[in-house]
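Listed below, chain by chain, are the residues.
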Amino acid sequence: MRKPVRGANMLPLNSILSGDCVEVMNSLPENSVDLIFADPPYNLQLRGDLHRPDNSKVDAVDDEWDQFASFEAYDRFTRDWLRAARRLLKPNGAIWVIGSYHNIFRVGAALQNEGYWILNDVVWRKSNPMPNFRGKRLTNAHETMIWASKSEKAKYTFNYEALKALNEGTQMRSDWVLPICNGGERLKDENGDKAHPTQKPQSLLHRVLVGSTNPGDVVLDPFFGTGTTGAVAKMLGRDFIGIEREEAYRKVAEKRIAQVRKFDNEALAVSTAKRAEPRVPFGQLVERGLLRPGEELWSMNGRHKAKVRADGTLVGADVKGSIHQVGAKLEGAPSCNGWTYWCFKKDGKHVPIDLLRQQIRSEMS
């Protein structure tokens, strides 16, 4: 799974690279990545063991990679990897960073200081959070993700309609209720223990990648862990680059991703905004013979009719112009969507001309 970097224009796509994330990122070509998803160390500052009410020990995050000598050391680490990440992003690229109250505020300030432009903060509200066993604080039931573009003027990817479709036709909000990773999704090592203490659920990465990338985009994860980002990217037809210094995590991730299969191209297509669809002039329907000069169109309500002209305009009842202008004039309205207003006759039935436009669009795509 691991491939070397060759040349300034070569990217080690769909590979897991070993080493320090800053050094590895600095070895990759600049302006080469569409999206970065980062799950950096949280610097939890744990003091002693944590036990449940039955006195069993909680498998908390006490790994060496999450320990820093001071806040200043953590801030230096954050500045270094954010700077290296921004160098890699394409001009219209973006980044997601996830964290907890221990680190996310420091990360947010560093993002702004490094020139990123914050788009949203998203609260991942866990539907099944771990309780606060000591009973001295509120249950930590959420984590925060920051979504930022490379710069203020970047034309970042945002698949608004796709996220709306995921949310049953309602605009996606910035609070996401999703379960933590558990059950069959939780990866185990050869001893049957959790392979990684902070494995993220696939549902979280699915929403991030569907909403802010397109098939064929390159997604980089500088803290790859057991490879949730890579697994979801592969399923969704995105290319990934993972960076992970811990050999044990790399082995689990490689095995996991090798078992993943990409969805077929038809399944990868997502809903798009109307304004993003190819523009089809009404005259193109006439040019291609889908409608003929002299053919009559009827309004959806059946009250008005107009005749198609060779130049793609309509004429009827002392008015002529585009399909929109003639419809508005006949209805006495300030505007009219001619595509949904006008119909042609087929087999004795009125059929909206928009069906002909969709036919051409499907051929174009």
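Quantities reported herein were computed from a predicted structural model and do not represent experimental measurements.

**Q** Could you clarify how one ought to interpret unusual backbone geometry in this entry?
**A** If you check the backbone angles, Asn14 has positive phi at about 55° while not being a glycine. If you trace the backbone, Asn14 turns up in the segment before strand E1 (15–17). Accessibility expressed as a relative area gives 30% for Asn14, which makes it partly exposed.

**Q** Explanation requested: the sheet that holds strand E6 (residues 175–178) in the structure shown.
**A** The strands that make up a sheet pair up through hydrogen bonds in the backbone, lying either parallel or antiparallel. On the basis of which strands lie adjacent, the open sheet formed by eight strands has the order E1-E8-E7-E2-E3-E5-E4-E6 and mixed pairing. Both outer strands of the open sheet, E1 and E6, are each paired with one neighbouring strand and no more. Pairwise comparison of adjacent strand axes, ignoring direction, gives a mean angle of 20° for this sheet. Each of E1 and strand E8 (239–243) touches helix H7 (residues 247–258); the most contacted strand, E1, lies at about 175° to it.

**Q** Is there a simple way to explain the packing of aromatic side chains in this structure?
**A** A ring pair, where both rings are aromatic, is described by two values, the distance of the centres and the angle of the planes. Across all of its chains, the model carries eleven aromatic pairs by this definition. Considering the side-chain rings of Tyr74 and Phe77, the 6.0 Å spacing of their centres and the 50° angle between planes classify their relative orientation as tilted. Here Tyr74 and its partner Phe77 are both found in helix H2 (residues 71–88), three residues apart, which amounts to about one turn of the helix. The residues Tyr74 and Phe77 share a single accessibility class, namely buried. Relative to Phe240, the ring of Phe224 has its centre 5.7 Å away and its plane inclined at 10°; by these criteria the two rings are stacked. In this pair, Phe224 sits in the loop between strand E7 (218–221) and helix H6 (228–235) while Phe240 sits in strand E8, placing the two residues 16 residues apart along the sequence. Exposure remark for Phe224: the relative accessible area of 3% places this residue in the buried category. Through pairs of rings, three or more aromatic residues link up here, namely Trp96, Trp147, Tyr156, Phe158, Tyr160 and Trp176. Of note, Arg86 hangs over the ring of Tyr116, and the distance from its end group to the ring centre comes to 6.0 Å.

**Q** I'm lost on the confidence of the model for the protein chain in this one. Help?
**A** In low-pLDDT regions, the fine details of the predicted coordinates are not to be read closely. Predicted confidence across the protein chain gives a mean pLDDT of 88, with 90% of residues reaching 70 or more. Across residues 48–53, where pLDDT falls below 50, the model places 15 contacts with residues more than four positions away in sequence or in other chains. Considering only residues more than four positions removed or in separate chains, one finds that residues 57–61, a stretch of pLDDT under 50, has 16 contacts.

**Q** Please clarify how the pattern of salt bridges should be interpreted in this entry.
**A** Applying the stated criterion to the full structure yields eleven salt bridges. A salt bridge links Asp75 to Arg106; the nearest nitrogen and oxygen atoms lie 2.8 Å apart. Of the two residues, Asp75 sits in helix H2 while Arg106 sits in helix H3 (residues 104–113), which places them 31 residues apart along the sequence.

**Q** Which parts of the structure should I look at to understand H3?
**A** An α-helical turn contains 3.6 residues, so any two residues separated by three or four positions project in the same direction. Buried within H3 we find Ile104, Val107, Gly108, Ala110 and Leu111. Down the axis, H3 shows its buried residues gathered within 165° of arc, on one side only. Pointing more than 90 degrees away from the buried face of H3 are the exposed residues Phe105, Gln112 and Asn113. On its buried side, H3 packs onto H2, strand E3 (89–99), strand E4 (117–126) and strand E5 (142–149).

**Q** I'm lost on the nonpolar core in this one. Help?
**A** Buried together is how nonpolar side chains tend to be arranged in soluble globular proteins. With 34 residues, the main nonpolar core has Trp96, Met145, Trp176, Leu204, Val208 and Leu209 as its most contacted residues. Element by element, the count of residues in this core is highest for helix H5 (residues 202–212), at five residues. Setting aside its immediate chain neighbours within four residues, Met145 contacts Phe37, Trp96, Val97, Ile98, Asn120, Asp121, Val122, Trp176, Leu204 and Val208.

**Q** Honestly, the domain arrangement of the protein chain in this entry has me stumped. Any pointers?
**A** Domain assignment breaks the protein chain into domain 1 (15–45 + 55–268) and domain 2 (282–364). For domain 1 and domain 2, the distance between their C-alpha centres works out to 49 Å.

**Q** I keep staring at the packing of H5 against H6 and nothing clicks. Help me out?
**A** Describing two packed helices takes the angle between their axes plus the distance from one axis to the other. Look at H5 against H6: their axes get within 9 Å of each other, and the N-to-C directions meet at 55°. Judged by the angle between their axes, H5 and H6 are oblique. In this structure, H5 meets H6 at a crossing whose hand is right-handed. For the pair H5 and H6, the contacting residues are Gln202, Leu205, His206 and Leu209 in the first and Thr228, Thr229, Val232, Ala233 and Met235 in the second. A per-class count over the contact of H5 with H6 returns five nonpolar, four polar and no charged.

Calculation criteria
- Residues numbered from 1 in each chain as written.
- Predicted model: local features only at pLDDT ≥ 70, side-chain atom pairs only at ≥ 80, totals over all residues.
- Heavy atoms only, no water.
- Helix = DSSP H or I, 4+ residues; strand = E, 2+ residues; numbered from the N terminus.
- Buried < 20%, exposed > 50% of the residue type's maximum accessible area, 1.4 Å probe, protein only.
- Pairing = 2+ DSSP bridges.
- Axes fitted to C-alpha atoms, helices over the stretch in contact; angles between N-to-C directions.
- Contact = heavy atoms within 4.5 Å.
- Phe/Tyr/Trp six-rings, centres within 6.5 Å; stacked < 30°, edge-to-face > 60°.
- Lys NZ or Arg CZ within 6 Å of the ring centre and 35° of its normal.
- pLDDT = per-residue confidence, 0-100.
- Salt bridge = Lys/Arg side-chain N within 4 Å of Asp/Glu carboxyl O.
- Arc of directions from axis to C-beta.
- Core = buried A, V, L, I, M, F, W, Y, C linked by side-chain atoms within 4.5 Å.
- Domains from an automatic or database assignment.
- Parallel < 35°, antiparallel > 145°, perpendicular 65-115°, else oblique.
- Left-handed = near helix turned anticlockwise from the far one by under 90°.
- Nonpolar A, V, L, I, M, F, W, Y, C, P; charged D, E, K, R; others polar.

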